[in-house]
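One-letter residues, chain by chain:
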Amino acid sequence: MSIWQVVILASIAVLALKVLGYLVPPSLIERPVPARIAGLLTVALLSALIVTQTIGSGQGVTLDARVPALVVAAGLFALRVPFIIVIVAAAATAALIRALT
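About the cut-offs
- Residues numbered from 1 in each chain as written.
- Predicted model: local features only at pLDDT ≥ 70, side-chain atom pairs only at ≥ 80, totals over all residues.
- Heavy atoms only, no water.
- Phe/Tyr/Trp six-rings, centres within 6.5 Å; stacked < 30°, edge-to-face > 60°.
- Buried < 20%, exposed > 50% of the residue type's maximum accessible area, 1.4 Å probe, protein only.
- Core = buried A, V, L, I, M, F, W, Y, C linked by side-chain atoms within 4.5 Å.
- Helix = DSSP H or I, 4+ residues; strand = E, 2+ residues; numbered from the N terminus.
- Contact = heavy atoms within 4.5 Å.
- Patch = residues over 30% accessible without salt bridge, like charges linked within 9 Å, V, L, I, M, F, W, Y side chains within 5 Å.
- Areas by Shrake-Rupley, 256 points an atom, 1.4 Å probe, with all protein chains shown as cover.
- Salt bridge = Lys/Arg side-chain N within 4 Å of Asp/Glu carboxyl O.
- Axes fitted to C-alpha atoms, helices over the stretch in contact; angles between N-to-C directions.
- Parallel < 35°, antiparallel > 145°, perpendicular 65-115°, else oblique.
- Left-handed = near helix turned anticlockwise from the far one by under 90°.
- Nonpolar A, V, L, I, M, F, W, Y, C, P; charged D, E, K, R; others polar.

**Describing the packing of aromatic side chains**
According to the stated counting rule, one finds one aromatic pair in the structure shown. Taken together, a centroid distance of 6.1 Å and an interplanar angle of 25 degrees make the contact between F77 and F83 stacked. The exposure class of F77 is partly exposed, given its relative accessible area of 45%.

**Quick word on the nonpolar core**
In terms of nonpolar packing, the biggest core is built from seven residues, these being A65, A69, A73, L76, V86, A90 and A94. Listing elements by their share of this core, those giving two or more residues are α4 (66–78) and α5 (83–100). Setting aside its immediate chain neighbours within four residues, A94 contacts A65 and A69.

**Side note on a nonpolar patch on the surface**
A cluster of nonpolar side chains, M1, I3, W4, V6, V7, I8, L9 and I12, forms an exposed patch at the surface whose accessible area comes to about 900 Å². As for its placement among the helices and strands, I8 is situated in helix α1 (residues 3–23).

**Looking at the pattern of salt bridges**
Within this structure, the stated rule accounts for one salt bridge. Where D64 meets R66, a salt bridge forms, and the shortest distance between an N and an O atom there is 3.1 Å. Overall, the relative accessible area of 28% leaves D64 in the partly exposed class. Note on R66: relative accessible area 31%, which makes it partly exposed.

**Notes on the packing of α4 against α5**
Between two packed helices, what matters for the description is the angle formed by their axes and the separation of those axes. Closest axis-to-axis distance for the α4/α5 pair is 8 Å, and the angle between their directions is 155 degrees. Considering the angle they form, α4 stands roughly antiparallel to α5. Classified by chirality, the crossing of α5 by α4 is right-handed. Residue-level inspection shows R66, P68, A69, V72, A73, L76 and F77 of α4 in contact with α5, the latter providing F83, I85, V86, A89, A90, T93, A94, I97 and R98. In terms of residue class, the contact of α4 with α5 is made up of 13 nonpolar, one polar and two charged.

What is shown is where atoms sit, not what they do.
If you want it as structure tokens, here you go:
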């Protein structure tokens with residue numbers, strides 16, 4: 001199978017899942033348990049993506065300046081600091097660590 005065939009099949013699969021989501025009755029989604037699962041699933045998937053992109057390197061794990069920057073960002077988010085300050089602090093942390101090593 002060529003790469004274009006894989007892309008087309010993946011696109012069809014994503015479209016089918018999206019259409020399937022529209023076919024789910026609203027009464028099912030408005031129940032407390034499915035609504036909570038949907039909310040927590042979004043957070044879990046985003047967290048997994050962040051961790052994978054931060055410490056993943058091919059088939060291995062790379063611990064570099066991004067990890068402390070992510071810890072700083074998470075701490076500032078927990079303190080409800082404005083987003084721009086979080087970004088600047090995390091970038092400064094990573095830059096400082098990279099400059100020292």
